[in-house]
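# Remarks on the overall topology
The lines below spell out each chain.
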Amino acid sequence: MAGRASSPVARRDGGGVMAALSPAVAACRLAVRQALAGVQPGGLVLAACSGGADSLALASALAFVAPRSGRRAGLITVDHGLQVGSAERAAEVACWAGRVGLEPAVAVPVTVDGAGGPEAAARAARYEALAGTAARLSAVAVLLGHTRDDQAETVLLALARGGGPRGIAGMRNRRIIDGVPFIRPFLAVSRAQTRAACTDLGLSPWEDPHNADPAYARSRLRAALPVLVDTLGPDLVDNLARTARLVAADVEALDALAASAGTAATEPDGSLDVAALTGLPAAVRTRVLRDLALRLGAPGAALSSIHIDALDALVTDWHGQGPVSLPGGIEVGRRGHRLAAHS
Ligand SMILES: Nc1ncnc2c1ncn2[C@@H]1O[C@H](COP(=O)(O)OP(=O)(O)OP(=O)(O)O)[C@@H](O)[C@H]1O
């Protein structure tokens, strides 16, 4: 990952390497500047950086933009401890960050326990460490380096798995985790641009061997994507990312409708009035039922369409069947004209 000598297009400017002629560097900085517009001035913003091209370009752009927009910039790199030399790489990323003015720059070691598969466990440990460290440092936001290509892959994987609108909506550009805002400034920036930005800044990104490991569906898709682009046209990645934005807007609108409908249907004891649900469109009604399951404590990641369909049948096709068992040991059933938790 270490910075190499300046590339031909980079020039020294006031102690920092500045690539005034590089469209890729300019695109990365513009994306970060736009993202920071929604972040509290004066606060500390942290780049989550693996040392890979996307997050290295992100951290670099943040180091340039934050001080010029009245914000402080730092960096977190998480050491999953899963690969030989990972601690040294994390230390190297943190050291580079200090050199380019990202302060604080912290390397956080985590323990990945295999729950839910190695990829999911590493992700869960990473986000917990990122949110925990950001809270400890009183950061006002954490930036993630997911690109337009990552978004396109997410949409295709969701389609392939029958993920429904929530999956096809892809990654959100902003979400709160444990009270900390996480922002993805690069969802409209291509992977080619982040790589070009690194080259133009004289940076040598780390290549994560997982990204090329055919054991992972995303890696296989990454390898196949150029063929799809050849087959379907050069705008494929852009169009998939656009589809995600359009579907996300629809999902958000439906979620808002469901929140109001759920409030209207909820009785003082927390049960749902079945009569208030039956007239709702299925897309809204099933969301109200999902919200009920979550409110009762069912873990969201384990809730499937099978559970929601079974809950829906209690509303639209009830003929005396018993309660529905949900993940987390929750049971929901009919109590007369109400839908409620069964103990
Ligand atoms: N070890 C890590 N430490 C800190 N942040 C990380 C780490 N791994 C991933 N991230 C954050 O999550 C984002 C997505 O990571 P992921 O590995 O899914 O994609 P990627 O395209 O390989 O990203 P990158 O090129 O930055 O490694 C990264 O851009 C970065 O912001």
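See the structure shown above.
Residues numbered from 1 in each chain as written. Predicted model: local features only at pLDDT ≥ 70, side-chain atom pairs only at ≥ 80, totals over all residues. Heavy atoms only, no water.

## Re the packing of aromatic side chains
Test applied: Centres within 6.5 Å are what make two rings of Phe, Tyr or Trp a pair, Trp counting through its six-membered ring; a difference in plane orientation under 30 degrees is then read as stacked, over 60 as edge-to-face, and the rest as tilted. Secondary structure elements follow DSSP: runs of H or I of four or more residues count as helices, runs of E of two or more count as strands, with numbering from the N terminus. For every residue, the accessible area (1.4 Å probe, protein chains only) is compared with the maximum for its type, and the residue is labelled buried under 20%, exposed over 50%, or partly exposed between those bounds. Each ring is checked for a lysine NZ or an arginine CZ that lies within 6 Å of its centre and within 35 degrees of its normal; such an atom marks a charge sitting over the ring.
Counted according to the given criterion, the structure contains one aromatic pair. Taken together, a centroid distance of 5.8 Å and an interplanar angle of 50 degrees make the contact between Tyr-127 and Phe-182 tilted. Here the residue Tyr-127 occupies a position in helix H4 (residues 118–136), and Phe-182 occupies one in strand E8 (residues 180–183), the gap between them amounting to 55 residues. For the pair formed by Tyr-127 and Phe-182, the shared burial category is buried. Here the basic side chain of Arg-29 rests over the ring of Phe-64, its NZ or CZ set 3.5 Å away from the ring centre. Over the face of the ring belonging to Trp-206 we find Arg-89, whose NZ or CZ atom lies 3.5 Å from the ring centre.

## What to know about the site of the ligand
Under the convention used in this document: One heavy atom within 4 Å of a molecule or strand is enough for the residue carrying it to be called near that molecule or strand. Definition of a polar contact: a pair of N or O atoms within 3.5 Å, with one able to donate and the other able to accept a hydrogen when the atoms are protein atoms, and with sequence-neighbouring residues admitted only if both atoms are side-chain atoms. Using the Shrake-Rupley algorithm and a 1.4 Å probe, accessible areas are obtained, with residue cover drawn only from the displayed protein chains. Under the scheme applied, nonpolar residues are Ala, Val, Leu, Ile, Met, Phe, Trp, Tyr, Cys and Pro; charged residues are Asp, Glu, Lys and Arg; polar residues are all the others, including Gly.
By nearness alone, 18 residues border the ligand, and Ala-48, Ser-50, Asp-54, Ser-55 and Val-78 come closest of all. One of the backbone N or O atoms of Val-78 is found 2.8 Å from a nitrogen atom in the ligand. A distance of 2.9 Å separates an oxygen atom of the ligand from a polar atom in the backbone of Gly-145. Relative to its unbound accessible area of 580 Å², the ligand is 87% covered by the protein chains. Elements supplying a minimum of two residues to the shell around the ligand: helix H2 (53–68) and strand E4 (72–79). A class-by-class count of the residues in the shell around the ligand yields six nonpolar, eight polar and four charged.

## Focus: empty space enclosed by the protein
Stated formally: Here a cavity denotes a set of grid points, spaced 1 Å apart and computed over the protein atoms alone, in which a 1.4 Å probe fits but from which it cannot get out, and a pocket denotes an open set meeting protein on both sides within 12 Å along at least five of seven lines; residues with an atom within 4 Å of a point are reported as lining. Grid points are joined across faces, edges and corners, and a volume is the space filled by probe spheres set on the points.
Here the structure, examined in full by the defined rule, presents one cavity of 30 Å³ or more. Reported here for the largest cavity is a volume of approximately 40 Å³. Taken together, Val-25, Cys-28, Arg-29, Ala-57, Ser-60, Ala-61, Ala-197 and Leu-201 make up the full set of residues lining the largest cavity. Of all the secondary structure elements, the ones that give two or more residues to the lining of the largest cavity are helix H1 (23–36) and H2. Along the lines of polarity and charge, the residues of the lining of the largest cavity split into six nonpolar, one polar and one charged.

## Observations concerning the nonpolar core
The following threshold applies: For the purposes of this section, nonpolar cores are sets of buried Ala, Val, Leu, Ile, Met, Phe, Trp, Tyr and Cys residues that join through side-chain atoms within 4.5 Å. Only heavy atoms enter the contact rule, under which two residues are in contact if any of them lie within 4.5 Å.
Within the largest apolar cluster, 38 residues are counted, with the highest numbers of intra-cluster contacts made by Val-32, Leu-62 and Leu-102. Elements supplying a minimum of two residues to this core: H1, strand E3 (44–48), H2, E4, helix H3 (86–99), strand E6 (141–143) and helix H7 (191–200). Looking at which element gives the most residues to this core, the answer is H2, with 11 residues. With residues up to four places along the chain from it excluded, the contact list for Leu-102 reads Ala-59, Leu-62, Ala-63, Ala-73, Gly-74, Leu-75, Trp-96 and Ala-97.

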